Structure formats: C-alpha cells, structure tokens
Amino acid sequence: MFKLSQYKTNTKTEILAGLTTFLTMVYIVVVNPIILSDAGVPFEQVFMATIIATIIGTLWMSLFANYPIAIAPGMGLNAYFAYSVVGSHGNISYEIAFSAVFVAGIIFIILSLTPFRRKLIEAIPENLKHGITAGIGLFIAFIGLRLTGIITDHPTNLVALGDLHSPSAILALIGLAVTLIFMSLRINGALFFGMIVTGIVAYFTGQLKFDKGFVSMPSLPEGLIVINPLTAIGDVIQYGLYAVVFSFLLVTIFDTTGTMIGVAQQAGLMKGNTMPRAREALLADSVATTVGAMFGTSPTSAYIESSAGVAAGGRTGLTSLTVAVLFAISAFFGPLVGAVSGISAITAPALIIVGSLMMGSIADIQWNELDEAFPAFLIILSMPLTSSIATGIALGFISYPLLKITRGKWREVHPLVYLFAVLFFYQLAFLPH
C-alpha cells in the first residue's frame, strides 16, 4: 500500500521515523490549548480538537498522498487567532472567530480541488524553493536553541548566548552530543534513540516528573462549535471578517506549501519542479482546518517537525500513519504527554540536527545571479528572525519579481508570482499579522 520497496525503506524505519516526528511535535497538544484558552476556549475542548484535527489531516496525508508529512494546528496562527482576532476585537467571541476559520477552510478545500495550488508549487522559482528549504532548516534549529535556553533574548542585540549552566541547556547539549554520536555511527533511528536517552537523563536528574499521573479520559465540553456552514458564512459577513479570512487563507496556503516543498525536497520526493500527488497532499490541511474549526481549534498546517522523521528515514505515508495513531493514543494520556512535551530539551537536539541537514539546500542556489540569490537569501534570513515561514516566503515573493523587472527579465516570472507578490505586499502593509 505504501510502496515501501519503491521508496527504498522498510516498516521498522518508517515506524521509528513516525515516533521521531511525533515526539518532536506532540508539544502542540499542550501549547495550543494554553494559547487558545487566552481567547476563552476551554482547555479540554482545544486539547481534543487539536488531536482530532491532527489525526484527520495526518491520516489524509498518509492514506491518500503517501507522504511522511504530519498536519496539526499551526503555531503563529493560533496566536493570531487568540490575540489579534479575538483579543483586539471586543465584539468577536471565539465562536464567531471559529466561523472565520471554518469559512477559510472551505475556500481552502475548493482551491485545493482545482489545479490552482498545484500550479502554485510549479510556479515557485527553483532558487526560492531551495531558499524555503534552507530557511525552514535555520528556523527549526533556532527554535531548538531558543526553547532550551542555549540562545536567549538580549535587550540590545535581540539574541545572545544563554546560561549554559542551566539544567535545560545542559540536558539539551547532552542530548545533542549523544544524538550526533548515534548519527556518526550510522545507527538507524539515531534521532529517536537520542530522544529516549535524553528523556532517561531528564528523569534521573529530576527534570522530567509525572506528578499528575499518566492517564486521563478525553472530553469535549462544548461539543461542536461550528455546525452550520450558512451560519458561519453569515457570521463572517455580519462582523466583516473578510480580512481575517484572507489572512488565514494566505498564511496557511504558504505555510503548508512551503513546508511540503521543503520536506519533500529533503526526502528526495520532488520530481523536478513538480510534487507528485500534490492535490491529495494539499487537501490534507484544508480538510483538517475545516474539521478543526468545527471542534474548536485554529487553522492547521504541514509541520516542519516532519523533517525530523524524514531525517530518521521516513519516506512514505506509513510514517504519517504512525504519527496519527500515536496522537490518537495520546488523547488518553494527557498528563504523560504534558510532562514529556514540557521538557523541550528532549526534542530540541533533533530539531537542531535536522536544521543542519536542511541547510544543505543552500548549495543549490545560484549565488552568482543577484536576482535569483537575493530573494532566496531574504527567505533564509527572515524565517528565523520573524518566526514565520509565510513571512519569509512573502518577502521572497515580493523581492523576486522586483529584481527581475529591474534586470529586464520580467517575462521569466510566472503570472502567479506577480499575483502573490501583490497579495503579500497588501497583507504585510495593511493587515495585522
């Protein structure tokens, strides 16, 4: 079913890759409810909604697209939902905001059923694709360093070296050293086994504790939040949430498209300039966004942590099937998941190492051509500095056609690139993000 032999992989490798991806991204089932509860959504509701949306999107990716890419509610989009949509609009309740997410999801599904999104992937210039892959690599490595306190904030320079004597930094450095040794020895599942060793060290040093036990029954206290599509559309019209729907749509399209291209390139699954089974893959996050809004979570996106599973050998949908099954199991182990995902040093070494692997795409950029190199450089630089994949892509898309026009090469630019350059400029200049 998953064509394991065609992709030169096996069941054991795929399951280990799925475990690796799961461990690097399971923090979302705790972090997402914490952020959305600031908008008034009950914690238990978002906990289950997060798991349901993740399972649906990731299962779709597994069974219909056969890619080792996981789908879950996107970081950044949840903060935009909680603090910009609900927080800054006094008359907007979270139920109405979920109507906007639902409508964006429906439009998203329609766009994914047309050739539009597939053509968009083909329209993105080759050097920008390499820049997206490298930028994502730098971004996730920066996340790993920041979450563990190895890199910290600084009042003048923005970032600085953190306290390397802190328990979190020491644990992360131990995990990094152990995982690099495993990888140097070419041990299958090195990233996963590195996390296991780091977790054991965390437990015996008192950082990992299971004070709240291991098991809890899942619940949906609010039931379905969005039920009637016509009511959702009516809410968007009544409260004038067109800009909100547009922002969700634009950011989600490029977050997911950029991540899928980056992970697919890393796994060697791109066929030239095209992504096989693109429609099936792109439907995964649009369906998950729509269903997630019904249960009570912000838009979903393809997860950059999927690259950790790819680095562990994942090449097919069996990897993402493993992720979906583990998320289903995690619904009954809320306290255990919360304890492990609360120790970022367990998963950070994998993110840092995968970041270094994805940076290899820099070698394929045409650095001797300014109109090709600078937009790619802007993407690589801005993704970690703005903590947004979509913003990095936006700056690349705006600068690319401008430089091409300046050099008299405007005919080389695909019309879709011009279209999105204008849309991105409008979003960055006039909409909250």
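To be clear, the structure that these remarks concern was listed above.
The sections below set out a description of the structure shown in this document. (Residues numbered from 1 in each chain as written. Predicted model: local features only at pLDDT ≥ 70, side-chain atom pairs only at ≥ 80, totals over all residues. Heavy atoms only, no water.)

1. Side note on the overall build of the protein
Move 1: Summing up its helical and strand segments, the protein has 19 helices and 4 strands in all.
Move 2: A globule of 433 residues ought to have a C-alpha radius of gyration of about 22 Å, and the protein, at 21 Å, matches this closely.
Move 3: By principal-axis analysis of the C-alpha atoms, the protein measures approximately 60 × 55 × 55 Å.
Move 4: Taking all 433 residues of the protein together, the buried fraction comes to 57%. (Helix = DSSP H or I, 4+ residues; strand = E, 2+ residues; numbered from the N terminus. Rg over C-alpha atoms; globule rule 2.2 N^0.38 Å. Buried < 20%, exposed > 50% of the residue type's maximum accessible area, 1.4 Å probe, protein only.)

2. Some remarks on the pattern of salt bridges
Move 1: What the rule picks out here adds up to 8 salt bridges.
Move 2: Salt-bridge contacts for E369 lead to R407; the nearest nitrogen and oxygen are separated by 3.7 Å. A residue pair is termed long-range when its members are at least 10 positions apart, and E369 in the loop between α16 (348–358) and α17 (370–386) and R407 in the loop between α18 (389–406) and α19 (415–430) qualify at 38 residues.
Move 3: The exposure class of E369 is partly exposed, given its relative accessible area of 24%.
Move 4: The residue K404 makes a salt bridge to D371 at a minimum N-O spacing of 3.0 Å. Taken together, the residues span a long stretch of sequence, with K404 in helix α18 and D371 in helix α17 at a distance of 33 residues. (Salt bridge = Lys/Arg side-chain N within 4 Å of Asp/Glu carboxyl O.)

3. Here we look at the packing of aromatic side chains
Move 1: All told, the structure shown has 15 aromatic pairs when counted by the stated rule.
Move 2: Summarising the aromatic geometry, the rings of F246 and Y426 are spaced 6.1 Å apart at their centres and angled 65° between planes, so their arrangement reads as edge-to-face. Here Y426 lies in helix α19 and F246 lies in helix α11 (residues 242–266), a separation of 180 residues in the sequence.
Move 3: Look at Y426 and F430: their rings are 5.5 Å apart centre to centre, the planes differ by 40°, and that puts the pair in the tilted class. With a gap of 4 residues between them, Y426 and F430 both fall in helix α19, about one helical turn apart. (Phe/Tyr/Trp six-rings, centres within 6.5 Å; stacked < 30°, edge-to-face > 60°.)

4. Re the side chain of T290
Move 1: Here T290 lies in helix α12 (residues 278–295).
Move 2: A distance of 2.8 Å separates a polar atom in the side chain of T290 from the backbone oxygen of S286.
Move 3: Apart from residues lying up to four places away in sequence, T290 is in contact with F102, G105, I106 and I109. (Polar contact = N/O pair within 3.5 Å; in protein donor to acceptor, adjacent residues only side chain to side chain. Contact = heavy atoms within 4.5 Å.)

5. Digging into unusual backbone geometry
Move 1: A positive phi angle is found at L158, which is not glycine, with a value near 75°.
Move 2: With respect to the secondary-structure elements, L158 resides in strand β3 (residues 158–161).
Move 3: Relative accessible area serves as the criterion here: at 66%, L158 is assigned to the exposed category.
Move 4: One non-glycine residue, R277, adopts positive backbone phi at about 55°.
Move 5: With respect to the helices and strands, R277 occurs in the loop between α11 and α12.
Move 6: Judged by its relative accessible area of 28%, R277 is partly exposed.

6. Some details on the environment of L416
Move 1: Along the chain, the position of L416 falls in helix α19.
Move 2: Through-space distance from the C-alpha of L416 to that of L120 is 6.8 Å; in sequence the pair is 296 residues apart.
Move 3: Once you skip the residues sitting within four places of it in the chain, L416 turns out to touch F116, K119, L120 and A123.

7. Comments concerning a nonpolar patch on the surface
Move 1: A grouping of I181, L185, I187, F193, I196, I200, Y203 and F204 is seen on the molecular surface, where their side chains present a nonpolar patch of about 800 Å² in accessible area.
Move 2: By the secondary structure assignment, F193 is in helix α9 (residues 190–204). (Patch = residues over 30% accessible without salt bridge, like charges linked within 9 Å, V, L, I, M, F, W, Y side chains within 5 Å. Areas by Shrake-Rupley, 256 points an atom, 1.4 Å probe, with all protein chains shown as cover.)

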